[in-house]
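# Residue-level structure breakdown
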Amino acid sequence: MTEARTQILANIRSALTGGEPRTPLRINELKARIESSTPKAQPLFEDELLNRFCQKHVAVHGTYERVTAQDLEGGVLRHIGAHQVDPQLYLGAGPLLDAVQWSAQVFTYFKSADQHTQVAVSEAFAAIAETGTVVLCSGPSAPTSHNFLPEDHIVVVDSARIVRHQEDVWTLLRNREDAAARVVNLITGPSKTGDIEQTIQYGAHGPRRLHLLIVEPV
Amino acid sequence: MVQCRPTQRDKLSMNSDKIKTSTQVGLFVTCLADLIRPQIGFAAVALLEQAGCTVRVPREQTCCGQPALNSGDSASTIAIAKTVIKTFAQDDYVIAPSGSCVDTICHKYPELFRNDALWAGRARALAAKTWELTSFLVEVMELQQVEATYDGICSYHDSCSGLRELGIHDQPRQLLASVVGLELKEMNESNVCCGFGGLFSIKYPDISTRMVTDKCANVGHSGVDTLLGGDLGCLLNIAGRLRREGAPVRVFHVAEVLAGMTDGPAIGEGESDS
Amino acid sequence: MSAVASQKVAFRKRTTHALRDSNLQQAMGKARGGFIDKRLEAMAALPEFDEIRDAARDIKDHVLANLDGYLELYEQKVIENGGQVHWARTAEEACEIVADICKEANAQVVTKGKSMVSEEMHLNSVLEAAGLKVVETDLGEYIVQLAGETPSHIIAPAVHKTREQITELFHEHHSKLGYTDRVTQREALVNEARSVLRGTFVTADVGITGANFLVAETGANVIVTNEGNGDLTSSLPRVQIVTAGIEKVIPSLDDLSVLLRVLARSATGQEMSAYTSLYSGPRQDTDSEGPDAYHVVLLDNGRSTMLGGSYRSMLRCIRCGACLNHCPVYSAIGGHAYGWVYSGPMGAVLTPLLNGFDDSVDLPNACTLNGRCKAVCPVHIPLSDLLLKHRLEQYRRRLTPLFGRFLVRVWAWIATRPRLYQGLMGLPLWLMHWRGRRRGALEHIPFAGGWTDSRDFPTPAGRSFIRQWHSRKGKS
C-alpha cells in the first residue's frame, strides 16, 4: 500500500511544513534526539533499592523470599509446597538459574509453556525499585510463554541487578552484548482484572501468583 | 491553584498603588442577579463598601455574553463584549458576584478578539482588572472578616468556572469563617458540577436533572440547613430542585450571608416562608 | 430527515434510555468514586506529578510537530527487525489489510487484545464476514462481545455491566461448553473466563492487539495491561498484528517512561500496570518461540487532517480514560449514549473530527463546560475549550437549530442596548414575580418545560437591580 503511505505522509507534511518534505538534516536531528535521549522528570526517592523493591512488590500482591544462590531449589520447593503444586518446572535461563543443580525432587522442562503448565521459573534481566517491577527478556532459552501461561510464576532476581528507575533498564538493554531481545516484559505483580464491578481479582489470564527468589551475595 | 490569565498575583502587583487610597470599583452585577435576585447586587455593594471601596454601578450593563458564546455565536458575543469593555473602561476594578462571568471576561474575551489588535488590547486591559467578588475582597482588599451573623450550618458549592478557571475555593470559606454563628461543613463532591451549564439545563433537561439530583443528595447527606455558592445560575438550579423535592434547605448567594442580608426569603422561598 | 435531525433523535433516545437503565446507573455509580479516588491517591503519592505531566505533554507536542519524520524512523526500525508496516488512509483500507493478512495465513481463529483503534475500524465485523472466528480476550471486551455490544469505556469496556448481568451472560454462553453452574461470585466468574479462554489463546492463528505507544528508537509496540491477555495474544499465535493510530509513535525509551508514569496513574491510579510489554518484530534465530510474521497497521482515518488545525492538541491523547472518569455527564449517561467507540469528553472532541460534524451535533453541547476533563488530562489537552470550539464550528456550519440561533441573536442584539433591554424585561419580570411571589418559586413556565418539569424556578424579584439602584440614586 505504498500509495497510502505516500498520501498519508504528504497529508502530514502539508499540515506541518506546508507540503515541504523533511530535509535529511531534520531527519538526522530527530535521530540524534533519540540517540542522545536521557531521562526526564523522574520521581526522586532515596530509599535503599532492595527495601523499596520488596515493599513495592508486596504492595501489588507479590510474594518473595530472600535466598542464597545455592538455595534456589529450596526456594522453589517452599513456594510450590505452600500451594500444593506439583514440582513440574518449566525453566528459563540466566546466570543464577543456569548454575542450579536440580535434584531428583523436581522435574524440569526446557520448552515453551502450554495451557497445562503449572509452574515456570525464570530469571530476571533486571528489576526496578521505583515500582517493584521485574524485567524479563525473551531469548533462546527464555520463552515469553513462561511469563504468561503458568499458574505460578517464580522469578529469580539477582539483587545486584535491582536498579533505581525504569530508565536504568533501558541503559542496560542498550549496552547489552547479546542480540536485542524481541520481547521485553515489565512485570509488576500477578495478573489481575477490575472488569467486574471495578473490584480487583487476581489470576485473570496470566499467572495467579508471582513469587520472587531474591538472591543476595553471601 | 488555577491561575487566571494574567495571574492574580500579576494583577495585584500591577494595581498595588491603587489599594492605598479608596479603591474605585465598577460593579458588574450579572444578568441573572440583575433580573432575578437583585439582593445579590446590594449585598455585593455593601461588602465592597465595607472593605473600603467606592462603588459605581453603570447603567449600561446587561450581560457578559456567555449564553451567546456557549451557543457558538461569536459575532453576538463580540458585540456584547464591546459593550462591556466600553462601559467599564473608566473603572479601576470591575467586580462581579459570579465566577462564570468573570471567567468569560478574563479568559474568553481576549481570545474572541485575537484577530483585532485594538480590541484585543482593550479586552486584556479589562481582564487584568476584573475580579470575582470574594477573591477580590480577600486577595486585593485583604478583608479578613465581615460584620455579619448567621445562625445555621452551611455548606459551600464550588461552581465550576470559579473553581477551575479562577482558583476560587479558600476565599469564600475564609470570609464565611468570620460570620458569627455560622458553622461551615463540607459536603461530599462539593466540586462536582450541579448540572446548570447555562442553556444546557433546558437543552438536556434529563441529564441536567440527574446531575442536580445527585448534588441535592449530597446536600441532604451533609446535614446542613443552608447551601451557599458564588454563582446564581448554580444556586437557581439547586434551589429549584431542592424545592421540588420538598427539602427544607435554604439557599443563599454567599454575598448575601457575608453582607448580613438574610432576613428576607432565601432563593426559591416565598414571602410566607421567611 | 436530515442527518443532523436524525442524530438528535437518536441521541435523545440513547440518553433517555441510559438515564432510566437502573443496571447502568447502579454500575456507573459504583465505578465513579473508585476511579476518582484512586487517581487522587496516586497523585498525592507522587510530588513530581505535575512536572511529569508537563514533560509528557511536551514529548507529545514535539512528536506531533515532527510526525512524518518519526513515523519514517519507526518504520525503518520495524523493517530492520523483520516486521512489516502497512499504511491505511481509512478504516476500510485498514480492515482490508488485516483481512488479507489473515487470509494469506489461512487463519481460522483470531484472538484480540483490547484495541480501541480496531473498534474504530469495525474490524471484528469485517473479519467475521470473511469467515474468521474472532475472540476478544480482555475480560471486559469479552463480556461486551458476549452481550453483542460495543465497549462503553476506553479502559473498562464493561463498566456498564453489573455482576448479575455478567453472571447471566456467562451462564448463557458457557453452559454449552460444559460450565453448567450459574456462577455469581466475582472470583469464580474470573476463573471461569480464564478457563474458557485458555484453549483459545494457544490455538489461535492470528493475534491482534493495539499499541499504547510505538517506539521509534527500537521499532517496538508497547502494550499496557493488567490481565496478561494482550501478551498471550501477541506472543502465542504464528502471526502478530498491531493496529495503531499514526499518532502513537514516540521517539525513545526514555520518553516512554515519562508517558508510562502518567498513563496508569491517570487511568486506574496504579504506578505500573501488571504487564507493560515491548514487542519488536517476528521471532529471530535466537528466539525459542514467537510469531513467524509481525505486522503493524498504521491508521490515519482523519488524524493527519487534525494536525494542521487548532485541534492538534487532541492528538496528544494517550487513551487513559481519566476524562471519562471525571465527567459528570459521562457518569450519568454511560459510554453507549455517545454513539461511537470513543465516549466521554475525549469522544465528544474526537468523534466530530473523525466522523464528521453532522453526525455528532449533540456531543459538544451535552456538556456543562465544567472543565474537570481539562483539569485531569495527563497531557494537558484543553478538552472543555475544544468542546466550546466545536460549538463555534457548528454555528459556522449552521448545524444548530435555526430557531435557537435566531433567538440568541435577537437576545444578544437587545443585550447591547441596555435601556431597551431593561424596558423589555420589565413586564415579564413583573408578571413572573406577581405569579410566584407568595410561593417563592414557579412550578411551570411556558416554553421552559425543560426546567420546570423537574425543578421549580425561583421567583424573580419583580424589579431589576439596575432599575432599583438607579431609582434609589435618583432619590438620594
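Look up: the structure comes first, before these words.
The shown structure was predicted, so the numbers you read here are calculated from the model rather than taken from an experiment.

Moving on, we come to the overall build of chain C. Across its full length, chain C holds 22 helices and 12 strands. Each principal axis of the C-alpha distribution contributes one length, and for chain C these read about 95 × 55 × 50 Å. Out of the 476 residues in chain C, the part that is buried amounts to 65%. Within chain C, contacts between residues separated by at least 24 positions form 71% of all contacts whose residues are at least 6 apart in sequence. Per element, the accessible surface of chain C, about 17300 Å² overall, is 53% carbon and sulfur. Of the side-chain charges in chain C, 55 are positive and 52 negative, and the distance between the mean point of each set is 17 Å.

Residues and elements named next belong to chain C. Inspection of the secondary structure puts Asp292 in the loop between β9 (275–279) and β10 (293–299). Owing to a relative accessible area of 55%, Asp292 belongs among the exposed residues under this scheme. Between the C-alpha atom of Asp292 and that of Asp100, which follows or precedes it by 192 residues, the distance is 16 Å.

Taken together, the 100 residues of chain C in the interface contact 74 residues of chain A. Taken over both partners, the interface formed by chain C and chain A buries close to 7400 Å², and the fraction arising from carbon and sulfur atoms is 54%. When residues of chain C are sorted by the area they lose upon contact with chain A, C:Arg89, C:Arg194 and C:Asp254 head the list and together hold 10% of the total. Applying the counting rule to chain C against chain A returns 17 salt bridges. Measuring nitrogen to oxygen at the nearest pair gives 3.2 Å for the salt bridge that ties C:Glu72 to A:Arg13. Counting every contact that joins chain C to chain A gives 53 residue pairs in polar contact (both at pLDDT 80 or more). Counting residues per element, the side of chain C that touches chain A draws most heavily on helix α10 (residues 186–203) of chain C, at 12 residues. Classifying every residue of the side of chain C that touches chain A by side-chain character gives 46 nonpolar, 27 polar and 27 charged.

Basis of the calculations
Residues numbered from 1 in each chain as written. Chains lettered and ligands numbered in written order. Predicted model: local features only at pLDDT ≥ 70, side-chain atom pairs only at ≥ 80, totals over all residues. Heavy atoms only, no water. Helix = DSSP H or I, 4+ residues; strand = E, 2+ residues; numbered from the N terminus. Buried < 20%, exposed > 50% of the residue type's maximum accessible area, 1.4 Å probe, protein only. Contact = heavy atoms within 4.5 Å. Areas by Shrake-Rupley, 256 points an atom, 1.4 Å probe, with all protein chains shown as cover. Lys, Arg positive; Asp, Glu negative; His and termini not counted. Charge placed at Lys NZ, Arg CZ, Asp CG, Glu CD. Buried area = accessible area lost by both parts, 1.4 Å probe. Salt bridge = Lys/Arg side-chain N within 4 Å of Asp/Glu carboxyl O. Polar contact = N/O pair within 3.5 Å; in protein donor to acceptor, adjacent residues only side chain to side chain. Nonpolar A, V, L, I, M, F, W, Y, C, P; charged D, E, K, R; others polar.

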